[in-house]
Amino acid sequence: MGIKYDFDKVINRYGTASYKWDQSEKLFGRADLLPLWVADMDFEPPHEVVEAIKERANQGIYGYTIRTKGYHEAVEGWLERRHGWKIQHDWISSSPGVVPALSLVVQAFTKPGDGVILQSPVYYPFYDVIRMNDRVVVDNPLVLKDGRYEMDFGLLEQQAAAGAKLLLLCTPHNPGGRVWTREELERVAEICIKHDVLVIADEIHHDLVFSGHKHTPFATLSEEIAQQTITCIATSKTFNLAGLQAATVIIPNDRIRNKYNHLLKTLSIHMESYFGLTAVESAYNHGDEWLDQLIPYLEENVNVVLSFVQDRLPQIKAMKPDGTYMVWLDCRAISEDPQELKKLMFEKAGVAFSEGSVFGKQGAGYLRINVACPRSILAEALERFAEAVQAVRQ
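About the criteria used
Residues numbered from 1 in each chain as written. Predicted model: local features only at pLDDT ≥ 70, side-chain atom pairs only at ≥ 80, totals over all residues. Heavy atoms only, no water. Helix = DSSP H or I, 4+ residues; strand = E, 2+ residues; numbered from the N terminus. Rg over C-alpha atoms; globule rule 2.2 N^0.38 Å. Buried < 20%, exposed > 50% of the residue type's maximum accessible area, 1.4 Å probe, protein only. Contact = heavy atoms within 4.5 Å. Areas by Shrake-Rupley, 256 points an atom, 1.4 Å probe, with all protein chains shown as cover. Lys, Arg positive; Asp, Glu negative; His and termini not counted. Charge placed at Lys NZ, Arg CZ, Asp CG, Glu CD. Pairing = 2+ DSSP bridges. Axes fitted to C-alpha atoms, helices over the stretch in contact; angles between N-to-C directions. Salt bridge = Lys/Arg side-chain N within 4 Å of Asp/Glu carboxyl O. Core = buried A, V, L, I, M, F, W, Y, C linked by side-chain atoms within 4.5 Å.

(A) Inspection of the overall build of the protein at higher detail. Counting its secondary structure elements, the protein contains 14 helices and 15 strands. Compactness check: the protein gives a C-alpha radius of gyration of 21 Å against a globular reference of 21 Å for 394 residues, within 12% of the reference. If you line up the protein on its principal axes, its C-alpha atoms span 65 × 55 × 40 Å. The proportion of buried residues among the 394 residues of the protein is 57%. In the protein, the share of contacts with a sequence separation of at least 24, taken over all contacts with a separation of at least 6, comes to 75%. By element, 50% of the accessible surface of the protein is carried by carbon and sulfur atoms, the whole surface being about 16800 Å². Once the 41 positive and 52 negative side-chain charges of the protein are each reduced to a mean point, those two points are 3 Å apart.

(B) Summary view of unusual backbone geometry. Residues Ser120 and Pro121 are joined by a peptide bond in cis, for which omega reads -5°. Mapping Pro121 onto the fold places it in the loop between β3 (115–118) and α5 (125–131). Put simply, Thr171 and Pro172 share a cis peptide bond, and its omega is -5°. Along the chain, the position of Pro172 falls in the loop between β7 (166–170) and α7 (182–194). A positive phi angle, close to 60°, is found at Ala17, a residue other than glycine. Mapping Ala17 onto the fold places it in the segment before α1 (24–28). In this structure Ala17 comes out as exposed when scored by relative accessible area, which is 75%. Look at Ser268: it is not a glycine, yet its phi comes out positive at around 55°. Inspection of the secondary structure puts Ser268 in the loop between α10 (254–266) and α11 (274–286).

(C) Region of interest: the sheet that holds strand β14 (residues 354–355). With antiparallel pairing, four strands are arranged side by side in an open sheet as β11-β12-β15-β14. The two strands at the open ends of the sheet, each matched to only one other strand, are β11 (317–319) and β14. Taken together, the five bridges between strand β12 (residues 326–330) and strand β15 (residues 366–370) define a ladder with antiparallel strand orientation. Residue pairing across strands places Leu329 opposite Leu367, the latter belonging to β15. Here helix α12 (residues 288–312) sits on the sheet in contact with β11, β12 and β15, set at roughly 15° to β12.

(D) Expanded view of the environment of Thr235. Assignment of secondary structure puts Thr235 in helix α9 (residues 235–239). Given the relative accessible area of 3%, Thr235 is considered buried. Residues Thr235 and Gly276 lie 41 residues apart in sequence; the distance between their C-alpha atoms is 9.4 Å. Excluding residues that lie within four positions of it along the chain, Thr235 makes contacts with Asn240, Leu241, Val280, Ala283 and Tyr284.

(E) Region of interest: the pattern of salt bridges. This model, assessed by the stated rule, comprises 25 salt bridges. In this structure, Lys20 engages Asp42 in a salt bridge whose closest nitrogen and oxygen atoms are separated by 3.1 Å. Of this pair, Lys20 sits in the segment before α1 while Asp42 sits in the loop between β1 (34–35) and α2 (47–58), and the two are 22 residues apart along the sequence. Residue classification places Asp42 among the buried residues on the basis of a relative accessible area of 4%. Across the pair Glu184 and Arg178 runs a salt bridge, and its minimum N-O distance is 2.8 Å. The exposure classification of Glu184 matches that of Arg178, with both residues buried. One network of salt bridges, with partners in common, ties together Arg13, Lys20, Asp40 and Asp42.

(F) Just the side chain of Thr110, in detail. By the element assignment, Thr110 lies in the loop between α4 (98–109) and β3. Judged by relative accessible area, Thr110 falls into the buried class, the value being 6%. Ignoring any residue separated from it by four or fewer positions in sequence, one finds Thr110 in contact with Val105, Val116, Arg135, Lys165 and Leu166.

(G) Main features of the nonpolar core. Formed by 75 residues in total, the largest nonpolar core has its most connected members in Leu36, Leu294, Val305, Tyr325, Phe353, Ile369 and Phe385. Mapped by element, the contributors of at least two residues to this core are α3 (69–83), α11, α12, β12, α13 (338–349), β13 (351–352), β15 and α14 (375–393). By residue number, the principal contributor to this core is α12, which donates 11 residues. When neighbours within four sequence positions are excluded, Leu294 is seen to be in contact with Phe7, Met41, Phe43, Leu208 and Thr238.

(H) Fine view of the sheet that holds β3. The sheet built from seven strands is open, its strands ordered β2-β10-β9-β8-β7-β3-β4 with mixed pairing. If you trace the sheet from one side to the other, it starts and ends with β2 (92–95) and β4 (136–139), each paired once. Adjacent strand axes in the sheet meet at a mean angle of 25°, parallel and antiparallel pairs treated alike. Where β3 meets β4, four bridges bridge the pair, whose relative direction is parallel. Residue Gly115 lies in a different strand from β4, and its bridge partner there is Val136. Each of β2, β9 (229–234) and β10 (247–250) is contacted by α3, which is oriented at about 100° to β2, the strand it contacts most. Against the sheet, α10 engages β2, β8 (198–202), β9 and β10, with an angle of about 30° to β2.

What follows is the structure, encoded as structure tokens:
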């Protein structure tokens, strides 16, 4: 297979109403920052997806939209082909995004004051969907062992036994990049079955897994766990389509699915995205080759960061991810103060990585780099950061 896609191509995203590129002055105090923070990529999606969206636009009437048989078949085909998961047509529901789905599940299946488990440090909207719905965060912190995160199963069992109703499971895990092994996930399933804890598996990064690792869809572990799992996936991370607002929610249990769909309709967000569904269908039908070429590029970008940090910033420890396009940097030897790290990034280096404390208090002193950009941009950002660190230490 020849190299067909040019991920080195630098595309100017300024002035495109980009959440990532057009807010630097507002969010970070200066407009000339290199933004390697929010999780969207600086790559064009597959050509076929762009063409499908153009064709859809040319239809000229942008009315209410339904999920078609072709959409369902595309989702089902992708999951079976890429993940060995054979799902049924009627298990599929939707949401404008994965985070809205998390919030819907918290609302539908817990009551104010109920405990909801998350595993910190974790993607920061997990905290919002718990706290802003007046539920209680039950933190099951990950354990750092030999430079990698592991789960604390003993504490998880205690928290489940104490009455937590719901587990927000980030798999693969963001920001640490862990692709949980089947054995780890089976232990989680065992605990959740024993204590009747509903699991919402945020598997948005499931397609972005590096060599030597394999993503296991949580609901495939057993029929029993499938009946108490809600799985959220999307093309937004895999194919850089986040602005099209179309996530897929897979719920094998009829009762749970009906309750979820009822709340979806109550809030009147059950209508589908006119362009989103077209993009999803096209990506899942035509995106295999693009993704197969993207993953090695991302993996090489990760290696660039790991080598750079080792050579130029030995006081920083970079966690090698199993998947995602994030690298989690332990900068505590520089500072454990989030404000100091922000000053270092924004004022001195002219880069925007994600500051770690937003992922939970364990993340203070850490930074997360989004490496899904052309290598030249990544190299420039690393150089700027290293020079700023050097200047501070002199």
